[in-house]
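Architecture at a glance
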Amino acid sequence: MTAVEKQPVRLPSDTQREQLMVQAAKLFFDLDRTQTEIASELGLTRWQVSRLLQEARELGIVRIDIVPRARRRPDLESALQKAFRLREAIVVPAAGKEDPMLFENVAHAAAQHLAAIHPRPNVVGVSWGRTMAAVARAIPPHWNPGAHIVQVNGAVALRAGIPRTNAVAEDLAAAAPGQATLLPVPAIVGSPETRLVLEKDRIVADVLALARRAEVLCFSFGALSAQSVLVESGYLTKADVVALRRKGAVGDILGRFVDADGRIVDDDLDRRTIGLRLEDIGRRAQVIGVSAGPTKHAIAIAALRRAIVNVIITDEATARFVLEAEAAAGKART
């Protein structure tokens, strides 16, 4: 060791250590020094500097606030990710209990997330409905040039519904720009035999095979309501909704009605539903669930509990409901 070299000091365990933490933190966070430069200035090793900075965060000497430019709730996002082991969570704050823009804001957040995925997915599977139609309206132009957007569940309506709720894949593909492949069959048919015949058709089978290969899936959760698109499109009656509720249904995921734990509640109805099944959804880069409003609270937690999605994009009230319900369930189990 030459005369000009400094021997690293042994870190003290008293107030001197805290003073070193403050010094290191100021140099690193306020003065933009590297850990190597701080080590040289304080006579420490780079490992010791790293340890001091970590301790400063743990003890609250350094507090890091994540303040995204977009309106979000990073605290709730992190809590959701920890509670349900999610890849990502995006929580949109509400402007009061009756926020007229909440639905559009959540859809906009979903569109921005979809457009920001890197590397860009070649094949994206999407559902249809009001929420997904709003996502398609909000998607930025040239969001994924050359992308192939595939519809993952049946959507041919029996009667006229809300305009363009079943044109999500087309609209997303037009904005990409890319190509769309539709699933040209009803969401629900009259018998399981009819579904089997349709799914064996070469055209339908090819679309479903493409949907299973999608690197990313994006869909909204369906509320169990007489105002749902499945009712308004003619697939279900209000009496069907009542019957499903009696069986324990809390909503649907890609037309599959599930209970609070994400289990199918009506096997006959499920066998008559065309599209990806729940077991087809997982094991891909991102499975994005979009949920806005109190009518989706119960189905959101069902999807999270069964780990159907690994990304959720939702509003603040839904996030709080889900976290509180899961905490209560955890206490009950203990």
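Before reading on, note that the structure itself is shown above.
Attention in this report is confined to the structure presented alongside it.

What counts, and where the lines are drawn
Residues numbered from 1 in each chain as written. Predicted model: local features only at pLDDT ≥ 70, side-chain atom pairs only at ≥ 80, totals over all residues. Heavy atoms only, no water. Helix = DSSP H or I, 4+ residues; strand = E, 2+ residues; numbered from the N terminus. Buried < 20%, exposed > 50% of the residue type's maximum accessible area, 1.4 Å probe, protein only. Contact = heavy atoms within 4.5 Å. Areas by Shrake-Rupley, 256 points an atom, 1.4 Å probe, with all protein chains shown as cover. Phe/Tyr/Trp six-rings, centres within 6.5 Å; stacked < 30°, edge-to-face > 60°. Pairing = 2+ DSSP bridges. Right-handed = clockwise from strand over helix to strand, strands pointing away. Salt bridge = Lys/Arg side-chain N within 4 Å of Asp/Glu carboxyl O.

1. Let's talk about the overall build of the protein chain
Each helix and strand counted, the protein chain has 14 helices and 9 strands in total. Scored against the burial criterion, the 334 residues of the protein chain give a buried share of 51%. Across the protein chain, contacts joining residues at least 24 apart in sequence account for 70% of those joining residues at least 6 apart. Accessible surface computed for the protein chain: about 17300 Å², of which carbon and sulfur atoms make up 52%.

2. What to know about the side chain of D270
Among the structural elements, D270 can be located in helix α12 (residues 267–271). In this view, D270 contacts R256, I264 and R277; residues no more than four positions away in its chain are not counted.

3. Some remarks on the environment of L210
Looking at the element boundaries, L210 is found in helix α9 (residues 202–213). Using a relative accessible area of 9% as the deciding quantity, one classes L210 as buried. With sequence-adjacent residues up to four places away left out, L210 is seen in contact with V123, H148, V150 and T181.

4. Comments concerning the packing of aromatic side chains
According to the stated counting rule, one finds 2 aromatic pairs in the structure shown. Look at F28 and F29: their rings are 4.9 Å apart centre to centre, the planes differ by 90 degrees, and that puts the pair in the edge-to-face class. Classification of F28 as partly exposed rests on a relative accessible area of 27%. Residue classification places F29 among the partly exposed positions, given a relative accessible area of 32%.

5. Describing the pairing of strand β2 (residues 123–126)
Burial of β2 is two-sided: the residues V123 and G125 facing one way and the residues V124 and V126 facing the other way are all buried. With 4 bridges joining them, β2 and strand β3 (residues 148–151) adopt parallel strand pairing. Its bridge partner being in β3, G125 is matched across the sheet by V150. The β-α-β motif built from β2, the intervening helix α6 (residues 130–138) and the parallel element β3 has right-handed crossover chirality. Both β2 and strand β5 (residues 216–223) contribute to a ladder of 3 bridges, which runs parallel. Residue pairing for β5: V126 is matched across the bridge by C218.

6. Focus: the pattern of salt bridges
For the structure shown, the criterion picks out 20 salt bridges. Residues E55 and R51 are paired through a salt bridge, measuring 3.0 Å at the closest nitrogen-oxygen approach. Here E55 and its partner R51 are both found in helix α3 (residues 46–58), 4 residues apart, which amounts to about one turn of the helix. According to the relative accessible area criterion, R51 is partly exposed, its value standing at 33%. Of the charged contacts, one joins R256 and D270 as a salt bridge, the two residues approaching to 3.1 Å between their closest N and O atoms. Of this pair, R256 sits in strand β7 (residues 256–258) while D270 sits in helix α12, placing them 14 residues apart in sequence. Neither R256 nor D270 differs from the other in exposure class; each is buried. One network of salt bridges, in which partners are shared, links R73, D75, E316 and R320.

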